[in-house]
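# Summary of the model geometry
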Amino acid sequence: MSSHHASRPGSDPARPVHVVFVGAGAVGCFYASRLHHPTHNVFTSLIARSNYKALAEHGIKLQTHTFGDYTVVPDAVFPSVAAAAVITAPSPAPPGSRDWDFVIVTTKALPDRSGDTELIAPLVGPRTCIVLIQNGVGVEAPYRARFSHTPIISAVTVVSAEQTSPGTIRQNRWTRIHLGPYSDSASSSSSSPSGVDGGSSRTTGALTPTSSIPLTPTTGLGAASPSSSSSVPGSDLQTRGMACAQQLADYWTRLGGIRDVELLDEIGLQTVRWHKLCINAAFNPSAVLSGGRGNADMVRDPELRAHLVGVMKEIWDAAPRILGRPFPADLAGPEKILKSTERNVGSKPSMLLDWEGGRPLELEVILGNPVRIARSKGVELPRTQTLYALLRSTQGVREEGKAKGKL
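Residues numbered from 1 in each chain as written. Predicted model: local features only at pLDDT ≥ 70, side-chain atom pairs only at ≥ 80, totals over all residues. Heavy atoms only, no water.

- The name an unreviewed UniProt entry gives the protein is Ketopantoate reductase PanE/ApbA-domain-containing protein, with Podospora didyma as the organism.

Below, the structure written as structure tokens:
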């Protein structure tokens, strides 16, 4: 796969841009479908497992609230990472290792169960940018540790989508996605953990507002400029990551028609992650521990509502102390979120669906990481830690029971 010159936002790349999605669930398939534009030199492929046969034979079938019904035939569908990592005949390119421009990870974040960084390693080349569309906080740290010179885009999405049958995706509501570069903001900050600096740019990862960052062509989307000699590796990673994020946002907006793609600086993106955590850390574990109650059902129960408020406010108050930046005024607070949830009748959080399906839970990125990251800044999250301890034990007991039953 040949290198190419990065295009400026608003123009098509001069050479093919190759994107591969690791994870072909509802979120991965939806965003892949809005990114595949061969006539504009942007080519999207998928790595699938259980739905591989359906996707390989029929493409992605979409039934969407936003874009109507349509079918997208990806550039390629692979049954494994190994298959996606190597070019074989009869491909027009010569045999050898592929050099993907974007590797977009949309799998569930389960660092306690699987090594996703090891999984994608065969896909990451010198021109690659890694994109993480995953829940929770601290998801980027293992990737940064393994791929120390690779630009990383951290992404947070709000999209209601489900796979109704293999290869068929229904998008019900929302398409919002926030993108920002990642260097090391989940693990280091120059701000004091005991206070907030009023939103100044003192925290590690603060960047110039995205509208004023010029995008200059490089040897590849994720490649460092040959003349780059930055003495601050994090600053270089941010610059390259932001350039990649600008391009990806351009493809999704200009070509894919998604109108609510938003670019943020590094700490701004982490702030959005912690805001979404206010919801996920409260509703997801509580749905399991309450015996399987849905979102609206929990909110309408006075005691559960008080519990949810407590967890959400704990994170709401702690996040600015951890990141050194307050939540923007336009982000909904706990009470507004709870009021909105009252109308979400019948909805179940993803963690409850995983629990009911007997699948591993995203415990570490939604509960464990926040507790550890906060503690490293001198901030305690006692309510969140309690949920983590109880749910980790509950899952462990169930898995021990299943293991004994197989003996």
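We are not done yet, so read on.
## Comments concerning the overall build of the protein
- Counting its regular elements, the protein contains 13 helices and twelve strands.
- Per-residue burial over the protein gives 52% buried out of 407 residues.
- Restricting the contact set of the protein to residue pairs at least 6 apart, pairs at least 24 apart contribute 73%.
- Here the protein displays about 17500 Å² of accessible surface, and carbon together with sulfur accounts for 53% of that area. (Helix = DSSP H or I, 4+ residues; strand = E, 2+ residues; numbered from the N terminus. Buried < 20%, exposed > 50% of the residue type's maximum accessible area, 1.4 Å probe, protein only. Contact = heavy atoms within 4.5 Å. Areas by Shrake-Rupley, 256 points an atom, 1.4 Å probe, with all protein chains shown as cover.)

## Here's the deal with the nonpolar core
- Membership of the largest hydrophobic core comes to 42 residues, with the highest contact counts inside it found for Trp274, Phe283 and Leu367.
- Elements that contribute at least two residues to this core include exactly helix H7 (266-289), helix H8 (295-299), helix H9 (302-323), helix H10 (334-341), helix H11 (350-356), helix H12 (363-376) and helix H13 (382-406).
- Of the residues forming this core, the biggest block, ten residues, is contributed by H9.
- When residues no more than four places from it in sequence are discounted, the contact partners of Leu367 are Ala281, Pro285, Thr384, Leu387, Tyr388 and Leu391. (Core = buried A, V, L, I, M, F, W, Y, C linked by side-chain atoms within 4.5 Å.)

## A look at the packing of H9 against H10
- The geometry of H9 relative to H10 is characterised by a closest axis approach of 10 Å and an angle of 140° between their N-to-C directions. Judged by the angle between their axes, H9 and H10 are oblique. Here H9 runs over H10; the crossing is right-handed. Contacts from Arg305, Leu308, Val309, Met312, Lys313 and Trp316 in H9 reach Pro334, Glu335, Ile337, Leu338 and Lys339 in H10.
- A per-class count over the contact of H9 with H10 returns seven nonpolar, no polar and four charged. (Axes fitted to C-alpha atoms, helices over the stretch in contact; angles between N-to-C directions. Parallel < 35°, antiparallel > 145°, perpendicular 65-115°, else oblique. Left-handed = near helix turned anticlockwise from the far one by under 90°. Nonpolar A, V, L, I, M, F, W, Y, C, P; charged D, E, K, R; others polar.)

## Overview of unusual backbone geometry
- With phi around 70°, Asn41 is a residue other than glycine that occupies positive phi space.
- Take Asn41: it is sitting in the loop between helix H1 (26-33) and strand S2 (42-47).
- One non-glycine residue with positive phi stands out, namely Trp174, at about 65°.
- Summarising the element assignment, Trp174 is placed in strand S11 (residues 168-182).

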